[in-house]
Amino acid sequence: MGFADQRFNVNLSILFTELPLLERPAAAAAAGFTAVELWWPWIDTPTPERSELDALKGAIEDAGVQLTGLNFYAGELPGPDRGALSIPGAESERFRANIDVAADFAQSLGTEALNALYGNRVDGVDPAEQDALALENLVLAARAADRIGAILLIEALNKPESPRYPLVSAPAAVGIVDKVNAATGLGNAKFLMDLYHLSMNGEDLSAVIEEFASKTGHVQIADNPGRGAPGTGSLPLDDLLDRLKKAGYDGWVGLEYKPGDRPSAETFDWLSR
């Protein structure tokens, strides 16, 4: 067991960012990976030009890697935003405009997981109003994901780094998963278990794995403290991933860590250990 028994993909929105976007898939392939994932790459628009979509699709195909996961439009990420779907007005409309664009792009590459970040609380807006809007938009997203044979992921972030984000525990995120599945009847909403975020919240990771592995559609990792590569902090990530395997999770594990002051290609030495 251990790291050697896992299927890792690379998040190209946090690793290899020293390179232009279109060069990152090939860099991941050169580092030995067969799969990648992405946050929505065009932070300023939910509906990029067809030429931009085609260029990224070509770069992924030419590199010979699989795009296993893609975020829906989430505002400025990295940056102050943590999603758009619960924010009334223009941001919600941008999310809706993005749903079919993201789903169609994912379908063109055989991508089977779409991640929808919930969005921050907004001053002066009733949280219940935001939650109702969020459910409406997540239902639309779940149906679009189902149309292409994909799952919809809902993620918990961490309160220290995202204090205005309402889903800052595994139970909170899984509660939204259950609401979406109840509303659609599709059963394709799943929990995105990011072990770094959950550890930053002080959650009992072994208990989270035991309780929620069956509802988990994707796992992401980084060490804590620091959000660096495994081995740079104190999280027993190899043990936690073993526990996930034993609990029945057999999907991809996304590497969503910061490379620090090294080139990204030099941060995978922990795999050989």
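Residues numbered from 1 in each chain as written. Predicted model: local features only at pLDDT ≥ 70, side-chain atom pairs only at ≥ 80, totals over all residues. Heavy atoms only, no water.

**Notes on the nonpolar core**
Then comes step 1: Among the nonpolar cores identified, the biggest contains 85 residues, and Phe191, Met193 and Leu255 are the most heavily contacted of them.
Then comes step 2: Each residue touching leucine 255, except ones within four places of it in the same chain, is listed here: Phe8, Asn9, Val10, Asn11, Ile14, Leu15, Phe33, Ile221, Phe268 and Trp270. (Core = buried A, V, L, I, M, F, W, Y, C linked by side-chain atoms within 4.5 Å. Buried < 20%, exposed > 50% of the residue type's maximum accessible area, 1.4 Å probe, protein only. Contact = heavy atoms within 4.5 Å.)

**Overview of the packing of helix H2 (residues 50–63) against helix H3 (residues 90–108)**
Then comes step 1: Where H2 contacts H3, the axes come no closer than 11 Å and their chain directions differ by 30°. It follows from the interaxial angle that H2 and H3 lie roughly parallel. Along this stretch, H2 crosses H3, giving a crossing that reads as right-handed. Of H3, the residues touching H2 (which contributes Leu53, Leu56, Lys57 and Glu61) are Val101, Phe105 and Ser108.
Then comes step 2: Grouping the constituent residues of the contact of H2 with H3 by class yields 4 nonpolar, 1 polar and 2 charged. (Axes fitted to C-alpha atoms, helices over the stretch in contact; angles between N-to-C directions. Helix = DSSP H or I, 4+ residues; strand = E, 2+ residues; numbered from the N terminus. Parallel < 35°, antiparallel > 145°, perpendicular 65-115°, else oblique. Left-handed = near helix turned anticlockwise from the far one by under 90°. Nonpolar A, V, L, I, M, F, W, Y, C, P; charged D, E, K, R; others polar.)

**Concerning empty space enclosed by the protein**
Then comes step 1: Enumeration over the complete set of coordinates arrives at 2 cavities of 30 Å³ or more.
Then comes step 2: Secondary structure elements with two or more residues in the lining of the largest cavity: strand E2 (35–38), strand E3 (66–71), strand E4 (113–115) and strand E7 (216–221).
Then comes step 3: Looking at side-chain class alone, the lining of the largest cavity contains 7 nonpolar, 6 polar and 1 charged residues.
Then comes step 4: Of the pockets and cavities examined, the second largest cavity occupies roughly 40 Å³.
Then comes step 5: Among the residues forming the lining of the second largest cavity, the class breakdown is 8 nonpolar, 2 polar and no charged. (1 Å grid on protein atoms, 1.4 Å probe; cavity = no way out; pocket = protein on both sides within 12 Å on 5 of 7 lines; lining within 4 Å. Points joined across faces, edges and corners; volume = space filled by probe spheres on them.)

**A few points about the packing of H3 against helix H4 (residues 127–147)**
Then comes step 1: Where H3 meets H4, the closest approach of the two axes is 9 Å, and the angle between their N-to-C directions is 15°. For the element pair H3 / H4, the angle class is roughly parallel. Helix-helix and strand crossings are classified by hand; for H3 and H4 the assignment is right-handed. In this structure, H3 uses Ser92, Phe95, Arg96, Ile99, Asp100, Ala103, Asp104 and Gln107 to contact H4, whose residues at the interface are Leu133, Glu136, Asn137, Leu140, Ala141, Ala144 and Arg147.
Then comes step 2: Looking at the contact of H3 with H4 residue by residue, the class counts come to 7 nonpolar, 3 polar and 5 charged.

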